[in-house]
Amino acid sequence: MRISTEWSHAFSYSINSTMKTYRINCQHWLCALLVLAASTVCFTACSKEETEAAIDNSDKGKDNTTDMVVTGGIGASSIGEDDKVAVEASGYLNLPDDVKATLGLGVQLFGVEISTSQSFPENATSRTAGLRLEDNRKFTVTLGGLKENTLYYYRSFFGAGEIFVYGNTESFTSPSIAAALGALTTDDPRYVGNHSANIPVSGGARQIAYDIDASKLTAENIRQGKVAICDGSINDLESGTTYYYCAVRIIKDYVGMGEVKSFTTEGLNVKELAKSMTFNITYDETTTFQWKASFTSSLASKYPGSNIKYAIRAYLESNYPLTSDEDRFNITTYGGNDSKVYAEDNGSSYTAVTYPPMYVCAHYNDDLVDGVEFEEFAKLFPFWEGIRRHIYYGTASDDEKMVYEEIGGDRPFESDYHQSTYQYIHNYLDVIVEIDGKDYVVKKQEGKLRMIWDVDVTKSSSGRGGRAKVVTITR
């Protein structure tokens, strides 16, 4: 809106004529100016100059140096952290220098307000305040939380208290989510190892999608979760394997994708190594509770001069469903050989034996959710095992037999175990090929979970020795 020089002089003169001494501070001057400007607000703000043009450039209105408040244009669009459309809007203030000097004091407000209604009702209008003037006139704000493909009305404002002056009402149609997001950039990996990689996630991207098959990296597969998605840190990769990946941003049903790139993990490909081997793996679930692996290999002829060894390792693993990144699922185990056991060499044939850990209990965060606390188990187990051995060899006394039944017979603490929990805990055996000091898991096989009553009493080398170990499962 415009305030003529004559009106301004006349207003100043009326004040001077009624005051012998006139010291008018900036705030008083501003209020007077706003009252004067407000008298013509209706004529300007209610005029029918509004348009429904497409998004204009942000320099709109820069040549208007007469109106106190000038509505600018709409500039760059983006997607906010709330996954909604945001646009930059500009405006201009044509103010005396002494008023500009008070803008940072918090007395006056200036910025842009936006609404889906041309009348700017209070309950459907959002106001975004500016922070500073960029070139002594212009200011820019970000209007966020917008719906895509929606007609919005906007106007610049300036004022204090309950008196505000507005620029002309303008309009624009917000861009689609795809247009606002724009092209995503897929960055190169920071690090690639045998089984892991780290890929930066920058710009508008939020995740990385990856797969060994480039053709699977489609928006539909990403939307349906048919390919792996991570935050950029990947730890489940196969060695010596080429992976394809791209930057991703998922917003409702829209999937934004960057360029598909690739990387190859270090080391040898385990599938190719396994083709040169045959396996015969068994697990005794009733007596000795031991893993036995027999296998043949022709890898020595493929990698002449390399130092090749073969080993097995037994361990427990869990896929218990966690609800957040802060949750922890801890498995307490006892005994077993959870380190590598090297195979004996019989020419081109190899044999190794090991014992899995016994499952004792599980905690979800700090709460015991299955089994018995290890302290109680540690007090009972040696005593129970000793009586069981006496019973097995027929040397147990009547008192021992009675106590044995009182503490649970052949299955102590059974009522403390719940399949609904321990169904997620698995007993695995890995067959490992060690080539020049690097391990490659060429075979993974599952066996029945070993509970605390699964004890081989026929010999002392049952793999039960040692102390408790805790395996922590994180999301």
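Anything mentioned here points back to the structure above.
Engineer: Explain the environment of Asp67 residue by residue, including any values.
Structural biologist: Structurally, Asp67 can be placed in the loop between helix H3 (41-45) and strand S1 (69-79). Put simply, Asp67 and Leu93 are 26 residues apart on the chain and 7.9 Å apart in space, counted from C-alpha to C-alpha.

Engineer: Go over the pattern of salt bridges with me, naming the residues and quoting the values.
Structural biologist: Pairing is possible between side chains of opposite charge, provided their charged atoms come close. By the definition in use, this model includes 15 salt bridges. Asp439 is the partner of Lys340 in a salt bridge, and the nearest nitrogen-oxygen pair spans 3.2 Å. Linking Lys340 in the loop between strand S20 (328-334) and strand S21 (341-342) with Asp439 in strand S27 (residues 438-447), this pair joins segments that are 99 residues apart in sequence. Here Lys340 falls in the partly exposed class, since its relative accessible area comes to 27%. Owing to a relative accessible area of 32%, Asp439 belongs among the partly exposed residues under this scheme. Ionic contacts of the salt-bridge type, sharing partners, join the residues Glu113, Arg127 and Arg155 into one network.

Engineer: Please give an account of unusual backbone geometry that cites residues and values.
Structural biologist: Backbone phi values are negative for most residues with the exception of glycine, while trans is the configuration of most peptide bonds. Here Phe120, not a glycine, exhibits a phi torsion of approximately 50°, which is positive. Judged by its relative accessible area of 8%, Phe120 falls in the buried class. One non-glycine residue, Phe413, lies in positive phi territory at about 60°. Turning to its location among the elements, Phe413 is positioned in the loop between helix H10 (398-406) and helix H11 (419-422). Residue classification places Phe413 among the buried positions, given a relative accessible area of 17%.

Engineer: So what's going on with the pairing of strand S14 (residues 242-251)? Which residues, and what values?
Structural biologist: Most of S14 sits out of view: seven of its 10 residues are buried. Strand direction decides the pairing type here: strand S11 (residues 207-211) and S14, joined by five bridges, are antiparallel. Across the sheet, residue Gln207 finds its bridge partner in S14, namely Val248. As defined by bridge partners, S14 adjoins strand S16 (residues 261-264) across four bridges and the pair is classed as antiparallel. When the sheet's bridge partners are listed, Tyr243 is paired in S16 with Phe263. In this sheet, strand S15 (residues 254-257) lies alongside S14 in antiparallel orientation, the contact comprising four bridges.

Definitions and limits used
- Along each chain, residue indices are assigned from 1 in the same order as the chain's sequence is written.
- In keeping with the predicted nature of the model, local features appear solely for residues at pLDDT of at least 70, side-chain atom pairs appear and are counted solely at 80 or more, and the whole-chain, interface and lining totals rest on all residues.
- Values reported for side chains reflect all heavy atoms of the structure, with hydrogen atoms and water molecules removed beforehand.
- Numbering of helices and strands starts at the N terminus; helices are DSSP runs of H or I of at least 4 residues and strands are runs of E of at least 2.
- A pairing counts as a salt bridge when a side-chain nitrogen of Lys or Arg comes within 4 Å of a carboxyl oxygen of Asp or Glu.
- Categorising residues by exposure relies on relative accessible area from a 1.4 Å probe, with only protein chains included: less than 20% of the type maximum marks a residue as buried, more than 50% marks it as exposed, and the intermediate range marks it as partly exposed.
- Two strands make a pair as long as DSSP finds a minimum of two bridges between them.

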